[in-house]
Amino acid sequence: MNTMTITALPASGFLDPQSVISGAGVWGLVVVCAIVFVETGLLVGFFLPGDTLLFFTGVLTFSGVISQPLWVVIPAIALSAVLGDQLGYTIGRTTGRRIFDRRDSGLFSRASVARTQGFFDRFGPAAVTIARFVPVVRTFAPVAAGVGKMPRRVFTMFNIVGAVMWVTGVLLLGFGLAQIPGVADFAAQYIDLVLIGIVILSVVPIIVRTVVSRRQNSRA
């Protein structure tokens with residue numbers, strides 16, 4: 001087991017993946033699985049740092065903070081991601097479009113739904129896989145697939161492919177870069193900037209779309 005020590009800045013709160021994982025102790029992997037499940041399975045997870053969480057899971061698996069080996073960590077998190085999407089699909093399938101229509105403010109808005117629908121219009125069922133790599137959209141995609149009555153067998157296939165690719169790719173990126181001297185310390189030191197960048201890239205386009213949509217509606 002590696003014993004590399006990571007020097008980090010003070011925790012920045014719940015959205016600091018390193019603090020969340022490290023603070024959970026032996027339950028670190030369970031916490032990661034729970035967050036990944038919530039991000040994709042419940043329509044309250046769009047603010048969770050899924051990508052950075054996986055990246056730091058890879059880093060902390062290499063350092064030994066997460067005691068389980070990679071061959072346990074990757075399947076466990078991938079399974080959580082699959083189950084989360086399956087729950088989201090079921091919610092959309094049983095609840096229908098009214099789950100989207102009942103709100104139109106903030107991140108949870110028709111603009112987010114429209115963006116997600118654009119993925120399906122462009123990529124078809126493969127949007128379920130592609131959405132895994134797009135913050136916010138990956139939260140809405142399984143529900144939208146359920147609302148659109150995508151066959152469950154088709155959804156499940158693309159769901160599994162997307163979950164395995166997303167979890168394996170991002171986690172191995174963190175695990176691999178952590179082996180380069182200084183990279184883990186650098187990533188830990190500047191996690192706040194990474195999170196801010198992700199939030200900006202995720203939220204700003206949605207806000208812009210919402211503002212433009214409202215202006216167009218007011219003119220109409």
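Residues numbered from 1 in each chain as written. Predicted model: local features only at pLDDT ≥ 70, side-chain atom pairs only at ≥ 80, totals over all residues. Heavy atoms only, no water.

### So, the overall build of the protein chain
Each helix and strand counted, the protein chain has 11 helices and zero strands in total. Counting only residues that meet the buried cut, the protein chain has 45% of its 220 residues in that class. Sequence separation of at least 24 residues holds for 79% of the intrachain contacts in the protein chain that already meet a minimum separation of 6. For the protein chain, the exposed area adds up to about 10,800 Å²; of that, 68% sits on carbon and sulfur atoms. (Helix = DSSP H or I, 4+ residues; strand = E, 2+ residues; numbered from the N terminus. Buried < 20%, exposed > 50% of the residue type's maximum accessible area, 1.4 Å probe, protein only. Contact = heavy atoms within 4.5 Å. Areas by Shrake-Rupley, 256 points an atom, 1.4 Å probe, with all protein chains shown as cover.)

### Some words on the UniProt feature "transmembrane region" (unreviewed entry) in the protein chain
When the UniProt feature table is mapped onto this chain, "transmembrane region" (unreviewed entry) is found at residues 20-38, 45-66, 72-92, 158-178 and 190-212. Regarding residues 72-92, the helix share stands at 100% and the strand share at 0%, and the terminal C-alpha atoms are separated by 31 Å. The distance from the first to the last C-alpha atom of residues 158-178 is 30 Å, and the span holds 95% helix and 0% strand. (UniProt positions renumbered as here; feature names shortened; annotations may be inferred.)

### Thoughts on the pattern of salt bridges
Inspection of every chain in the model, using the stated rule, returns two salt bridges. With a closest N to O distance of 2.9 Å, E39 and R138 form a salt bridge. One end of the pair, E39, is in helix α2 (residues 28-41); the other, R138, is in helix α8 (residues 137-147), with 99 residues separating them in the sequence. The pair E39 / R138 is uniform in exposure class, with both members buried. A salt bridge links R132 to D85; the nearest nitrogen and oxygen atoms lie 3.2 Å apart. Here R132, found in the loop between α7 (127-130) and α8, pairs with D85, found in helix α4 (residues 70-95); they are 47 residues apart in sequence, far enough to count as distant. (Salt bridge = Lys/Arg side-chain N within 4 Å of Asp/Glu carboxyl O.)

### Notes on the nonpolar core
Soluble globular proteins: nonpolar side chains tend toward being buried together. Counting 26 residues, the largest nonpolar core has V36, L54, I77, W166 and V167 as the members making the most contacts within it. Listing elements by their share of this core, those giving two or more residues are α2, α3 (50-63), α4 and α9 (152-177). Looking at which element gives the most residues to this core, the answer is α3, with seven residues. Not counting the four nearest positions on each side in its chain, W166 is found in contact with V36, E39, G50, D51, L54, A81, R132, F133 and R138. (Core = buried A, V, L, I, M, F, W, Y, C linked by side-chain atoms within 4.5 Å.)

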